[in-house]
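Summary of the model geometry
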Amino acid sequence: MDYQAVLHDVWDAVRPVLGQGRVATYIPALAAVDPRRFGMALATVEGDVYGVGDWREPFSIQSISKVFTLAMALSRDGDALWRRVGKEPSGNPFNSLVQLEYEHGIPRNPFINAGALVITDRLQQLTGDARGTLRDFLRAESGNPLVDFDPVIAASEAEHGHRNRALAHFMASYGNMQSPVAEVLEHYFWQCSLAMSCADLARACGFLARHGEREDGARLLTRSQAKQVNAVMLTCGTYDAAGEFAYRVGLPGKSGVGGGIIAVIPNRCGLCVWSPGLDAQGNSVAGMEALDRFTTLTGLSIF
């Protein structure tokens with residue numbers, strides 16, 4: 001298949017929706033990004049990388065980081081991890097407090113903010129440096145040693161992260177935080193501030209297309225664990241629009257409010273698309289359209 005030609009066709013198809021949606025204004029450092037920017041990259045399991053538009057432009061990965069922290073914690077902790085966080089869709093906004101109270105401090109899944117805080121807490125317990133462990137992993141998997149945090153974004157996250165603080169303290173009240181809350185929040189904010197390009201992220205999520213095998217051939221996850229991560233991405237990866245994403249795209253995916261979305265085609269490739277204009281659920285308008293067009297044009301989905 002001529003992936004480069006397909007990506008150009010997708011880019012042409014999404015031009016009419018570029019600029020639609022709104023950038024994430026609740027994180028002021030993201031508010032100045034041009035919503036008309038667009039990039040898309042595809043990295044095959046064999047190591048070939050294709051791209052269009054701003055595919056080499058770094059952007060704030062935000063909640064896309066949750067996929068990688070989950071994979072690293074799961075690789076070390078195994079099924080014990082699921083005692084502290086569920087694997088069901090939330091049906092509520094990603095920063096909802098209401099659901100936590102009903103469910104006694106156990107987050108519904110690892111991709112809402114409460115669940116991601118639990119995963120960061122566990123990774124901190126397991127490694128002693130959750131954010132550094134994540135950065136090192138992403139540098140290795142992307143092949144880009146320059147992948148790093150954006151201190152301006154991290155500071156903005158920390159300054160305006162009142163809801164995340166509330167979530168963390170609420171879970172601590174139920175005994176579902178093992179590290180000091182302030183420490184967990186610091187690592188979480190820095191994790192979300194990582195800046196990567198579409199090319200970086202398409203390569204970095206390749207281990208999920210290779211059923212848990214890393215770029216260098218070492219195994220991060222068992223085949224069963226890789227299946228688990230892909231399944232939770234499909235059902236929970238795009239907040240309370242996961243059903244729409246599965247319906248339109250038909251791939252495991254994870255979005256972030258920086259405008260990025262990663263997706264996985266097992267045995268074939270990792271994908272990443274970036275466009276900052278978001279819909280009401282916090283997902284990239286052009287990114288959703290691009291992935292919809294990609295699977296329609298290629299016939300590639302998990303269904």
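Residues numbered from 1 in each chain as written. Predicted model: local features only at pLDDT ≥ 70, side-chain atom pairs only at ≥ 80, totals over all residues. Heavy atoms only, no water.

The strands that make up a sheet are held in pairs by hydrogen bonds between backbone atoms, and each pair lies either parallel or antiparallel. If you trace the 5 strands from one edge of the open sheet to the other, you get 2-1-8-7-6, paired in antiparallel fashion. The sheet is open, and its two edges are formed by strand 2 (49-53) and strand 6 (253-255), each paired on a single side. Strand-to-strand, the axes of this sheet are offset by a mean angle of 10 degrees, without reference to chain direction. The pairing of strand 1 (residues 39-44) with strand 8 (residues 269-274) spans 6 bridges and is antiparallel. Bridging across to strand 8, L42 finds its partner in L271. (Pairing = 2+ DSSP bridges. Helix = DSSP H or I, 4+ residues; strand = E, 2+ residues; numbered from the N terminus. Axes fitted to C-alpha atoms, helices over the stretch in contact; angles between N-to-C directions.)

Let us now look at helix 7 (residues 162-173). In this model, helix 7 (12 residues) spans 17 Å end to end at C-alpha, consistent with the 16 Å of a helix rising 1.5 Å per residue. Those residues of helix 7 that fall on the buried side of the exposure criterion are N164, L167, A168 and M171. The buried side chains of helix 7 occupy one side of the element, clustering within an arc of 95 degrees when seen end-on. Of the exposed residues in helix 7, those oriented more than 90 degrees away from the buried face are H162 and S173. For helix 7, the secondary structure elements touched by its buried residues are helix 3 (98-102), helix 4 (113-127) and helix 8 (181-192). Following helix 7 by one or two positions, G175 has its phi on the positive side, about 80 degrees. (Expected span 1.5 Å × (residues − 1). Buried < 20%, exposed > 50% of the residue type's maximum accessible area, 1.4 Å probe, protein only. Arc of directions from axis to C-beta. Contact = heavy atoms within 4.5 Å.)

As a further point, take the side chain of E289. Assignment of secondary structure puts E289 in helix 13 (residues 285-298). Setting aside residues up to four positions removed in sequence, E289 forms contacts with V14, V17 and R248.

A word on the pattern of salt bridges. In this structure the tally under the stated criterion is 15 salt bridges. Measuring nitrogen to oxygen at the nearest pair gives 3.3 Å for the salt bridge that ties D12 to R15. Take D12: its relative accessible area is 46%, and that puts it in the partly exposed class. R15 sits in the partly exposed class, given a relative accessible area of 39%. Here the salt bridges share partners, and the residues they tie into one network are R248, E289, D292 and R293. (Salt bridge = Lys/Arg side-chain N within 4 Å of Asp/Glu carboxyl O.)

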